[in-house]
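Below, each chain spelled out in residue letters.
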Amino acid sequence: MTPVKSKLGLSKPKIDSARELAEGITAPVQEFIDGHTTVTIERATLRLLGADGADADGVPVPNLIASQCAEKLSGGAAQYYLNALVKLNRTPAELNKEIEKGLNIADIELTDAKRIQAKAAELVKGLDARIAGNVAHRNAKLKQYKDKVKSPLIYVIVATGNIYEDVKQAQAAALQGADIIAVIRTTAQSLLDYVPYGATTEGFGGTYATQENFRIMRAALDEIVEKEGRYIRLVNYCSGLCMPEIAAMGALERLDMMLNDSMYGILFRDINMYRTFTDQFFSRMINTAADIIINTGEDNYLTTSDAVEKAHTVLASQFLNERFAFNAGMPARLMGLGHAFEIDPALKNGFLYEYAQALMAREIFPEHPLKYMPPTKFMTGDIFKGYAMNTLFNFVSKATGQGIELLGMLTEAIHTPYLQDRHLAIENALYVHNTMAGFADEIEFKKGGVIQKRAQQVLDETIEMLQDVKKRGLFTAIETGMFAEIKRPRDGGKGFDGVYEKAAGYYNPVEAYLKKKLKVGK
Amino acid sequence: MFIKPYGDTSDDGAVQLSFTLPVKNCGRAKEAARLYVQKLGFKKVDVVHAAPLSEDFTFFVAYGKTDVSLDYDKVEYAEAVDKYMSMDEVNDFIKTHFKRKLVIVGACTGTDAHTVGIDAIMNMKGYNHHFGLERYPMIEALNMGSQVPNEKILEKAKELKADAVLVSQIVTQKDVHIKNLTGLIELAEAEKVRGKMLLIMGGPRVNNKLAKELGYDAGFGAGTYAEHVATFVVKKLYERMTTRK
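Caption draft 1: Main features of the overall build of chain B. A tally of regular secondary structure across chain B gives seven helices and 10 strands. Based on the C-alpha atoms only, the size of chain B along its principal axes is roughly 70 × 40 × 35 Å. Looking at chain B as a whole, 47% of its 245 residues qualify as buried. The long-range share in chain B, meaning contacts at least 24 apart out of those at least 6 apart in sequence, stands at 66%. Total accessible area on chain B stands at roughly 13,100 Å², and carbon and sulfur atoms take up 54% of it. Computed over 34 positive and 32 negative side-chain charges, the separation of the two mean positions in chain B equals 2 Å.

In structure tokens:
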């Protein structure tokens, strides 16, 4: 996949300088992250230690514990859970039941730190074994069925609101050739400060992400894995106010990919920036430990702004997402950096620009799987035109060696996909991918032609933008609307009250485990 | 005038259909598809394509001809505005008749997170080379973004003394938009501001007819540009102003 030499004539020193700028931009943010925790990081930690279930009102156990801890969260919630396990001599399942019934574990006097640490060591060992088991299982299946791996991987979405209907649609899509199934979340779940519990059958434009729903879909796809002799990946949305908790659930239930962006929540969901930056770091450590590929959300920049004028904001964000992910110990092979085919179809030579921008991403991020998103903004009720646009998208995707291709639906502007919409999309992609299988190796570009010049121009504009962001600082850059033309104040947005400065002696055995495993920090 | 679909000849009634049935793909399934289309009232049914979607589902493409015709003269539909003005005409109209800037507040409300519609109408750039309301010199436009509760948008509209409020709804699964749209009207009435501002809704699955039914002043569907909405706003406000005098 790594190109020997740039077909686009991109300057290596320029690419390196963009990376250096990204490092400089993220460094002060990382300093903030390292000194803080959030209510959802604490809940994710509790989940990874075994906290689960919900009370009669549907309040999840991790949230009950977080409320009990209140300001004590700044010292870490794990110690209270571990303490209760030790002092009451309970298993996590037993303790969860008692917390559901009203037991307040934050009131129990803390026992000797050594006993708490010993309990932590025992549970973290179990956690490590479970995550390692999931990784080993996935790797074994990928190896067993490696001759059936497609490039790019075909990614489709199910979104019925009912996990059992989702299963039918997901299995059908996988049988038709989909490699990746994303269960889109119900609208507004990103703004819930808790993760609902249990299987769910109601949702709007998507299905609740719950651990039970993860388990149901994982089992359904595993059936197809064996039937088809092809590994089918499961995706969910590690974003919003519960980002680290979703990561925790995904690691436990063997999800394979997670939508996970360092700035998406700030810009597009008005979540507080300190909260998002802190949460994305912890989430990415969990995702890395579980060998889960993240998909970043740069496509969103192009649905809100013009895809030609603002192409450089996508590349700038990719550099920042890459750096933030490196900071969390994530290797490039797990970074599905996002971008999209969103240029106005009426624009003359628009296809050449799409081609240039997609290849540019491939050349600049050679080891990254790259998540390529289909046209959405200019899709209309004209499903036939839409199908034609998706064909060109499939072409660019194959010609530029994208890793993960989210297929466009001909009914994009109309409704959540019908069963047959996915079928038509997959047929289209399989046809294009096959008929031009060797195309990328055959083609070179005219020196100084439209395509080369376009890619070089976007890179230049990106460097300019990153220089400007560095000068202002990332927090200020976001406040002044440098990304997606959206302004977000640093102390505004949702979830700010859930950010805590770590108290002296902050204790989090899961964080310590992750940092050690991934060699993050000092 | 009675009308029927036109395939390749006047009044042949030719219709193209595609659909999925919950059965395994086989000869019997294809025959079932043909009979089903016949049951819908089509004649000369031809199932031209059948493909398995899984072991339990089959996708069909079919053609049929219909005898059903419709009296076009009896079809009633009122567009929000008969004749649209351009951006410049809208601005001149405001300058001449209102002598102040008009204030328009918009948002994608409720749980809906899709701003593509409200952005197309409001953002500077607009959509498909039609500038958005932010670009109109005589309009003060505020796009509040997505997932804005009805209470919030109304509060902001009161604060800014908005002349019009635009509500966008993209997600319509299980009629979630109807509940939300109705909620705004009820809230506006409860707070006694319904008569003080125009309430306008938009989205790919809504239209002027639905808007009227729900108590809105107008509704705009797919293919709407900023100048369409702006024309309606200025004409309607002008009409109110002149009839009140």
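Caption draft 2: Structural context of the pattern of salt bridges. Residues and elements named next belong to chain A. Following the criterion strictly, the structure yields 41 salt bridges over all chains and no others. A salt bridge links Arg215 to Glu212, with the nearest nitrogen and oxygen atoms 2.4 Å apart. One end of the pair is Arg215 and the other is Glu212, both in helix H8 (residues 211-228) and three residues apart, which spans about a single turn. By relative accessible area, Arg215 is classed as partly exposed at 36%. Three or more residues joined by partner-sharing salt bridges are found here, namely Arg43, Arg47, Asp193, Glu245, Arg275 and Asp279.

Caption draft 3: Fine view of the domain arrangement of chain A. Residue and element names in this part refer to chain A. Each assigned domain of chain A is listed with its residue range as follows: domain 1 (36-125) and domain 2 (145-451). Look at where the C-alpha atoms of domain 1 and domain 2 centre, and you get two points 34 Å apart. Facing 17 residues of domain 1, the contacting portion of domain 2 comprises 18 residues. Counting the surface lost from both domain 1 and domain 2, the interface buries some 1,400 Å², and carbon and sulfur atoms represent 64% of this. On the domain 1 side of the contact with domain 2, Thr40, Arg47 and Leu48 bury the most area, a combined 36% of that side's loss. Here domain 1 is connected to domain 2 by three salt bridges. Two residues, Arg47 and Glu245, come together in a salt bridge whose shortest N-O distance is 2.9 Å. If you look at where domain 1 meets domain 2, you find six residue pairs in polar contact (both at pLDDT 80 or more).

Caption draft 4: Region of interest: the interface of chain A and chain B. Each partner contributes to the interface: chain A provides 31 residues, whereas chain B provides 29 residues. Here chain A packs against chain B, burying approximately 2,300 Å² in sum over the two surfaces, 53% of which is carbon and sulfur. If you sort the residues of chain A by the area they bury against chain B, Thr187, Phe204 and Gln420 of chain A come out on top, with a joint share of 21%. At the surface where chain A touches chain B, the tally comes to one salt bridge. The salt bridge partner of Lys227 of chain A is Glu55 of chain B, with a shortest N-O separation of 3.9 Å. There are four residue pairs in polar contact (both at pLDDT 80 or more) connecting chain A and chain B. Broken down by secondary-structure element, the contributors of at least two residues to the side of chain A that touches chain B are helix H7 (163-176), helix H10 (264-269) and helix H16 (419-435) of chain A.

Caption draft 5: Representation of the sheet that holds strand E7 (residues 139-143) of chain B. All names here are of chain B. The sheet built from five strands is open, its strands ordered E7-E6-E8-E9-E10 with parallel pairing. Lying at the two open borders of the sheet, with one neighbouring strand each, are E7 and strand E10 (218-220). Each adjacent strand pair in this sheet contributes to an overall mean axis angle of 20°, direction not counted. Pairing of strand E6 (residues 102-108) with E7, which is carried by five bridges, proceeds in the parallel orientation.

Caption draft 6: Representation of a nonpolar patch on the surface within the structure. Residues and elements named next belong to chain B. On the surface, Met1, Ile3, Leu70, Tyr72 and Val75 cluster together into a nonpolar patch covering about 480 Å² of accessible area. Relative to the helices and strands, Met1 resides in the segment before strand E1 (2-3). Met1 sits in the exposed class, given a relative accessible area of 53%.

Caption draft 7: Seen up close, the side chain of Asn260 of chain A. Residues and elements named next belong to chain A. In this fold, Asn260 is placed in the loop between strand E5 (257-259) and H10. On the basis of relative accessibility, which here comes to 1%, the residue Asn260 falls in the buried class. Polar contacts involving the side chain of Asn260 include one to the main-chain carbonyl oxygen of Cys238, which spans 3.1 Å. Only 2.8 Å separates the side chain of Asn260 from the side chain of Arg284, close enough to count as a polar contact. With sequence-adjacent residues up to four places away left out, Asn260 is seen in contact with Cys238, Met243, Ser283, Arg284, Asn287, Ile294, Asn295 and Thr296.

Cut-off values and rules
Residues numbered from 1 in each chain as written. Chains lettered and ligands numbered in written order. Predicted model: local features only at pLDDT ≥ 70, side-chain atom pairs only at ≥ 80, totals over all residues. Heavy atoms only, no water. Helix = DSSP H or I, 4+ residues; strand = E, 2+ residues; numbered from the N terminus. Buried < 20%, exposed > 50% of the residue type's maximum accessible area, 1.4 Å probe, protein only. Contact = heavy atoms within 4.5 Å. Areas by Shrake-Rupley, 256 points an atom, 1.4 Å probe, with all protein chains shown as cover. Lys, Arg positive; Asp, Glu negative; His and termini not counted. Charge placed at Lys NZ, Arg CZ, Asp CG, Glu CD. Salt bridge = Lys/Arg side-chain N within 4 Å of Asp/Glu carboxyl O. Domains from an automatic or database assignment. Buried area = accessible area lost by both parts, 1.4 Å probe. Polar contact = N/O pair within 3.5 Å; in protein donor to acceptor, adjacent residues only side chain to side chain. Pairing = 2+ DSSP bridges. Axes fitted to C-alpha atoms, helices over the stretch in contact; angles between N-to-C directions. Patch = residues over 30% accessible without salt bridge, like charges linked within 9 Å, V, L, I, M, F, W, Y side chains within 5 Å.

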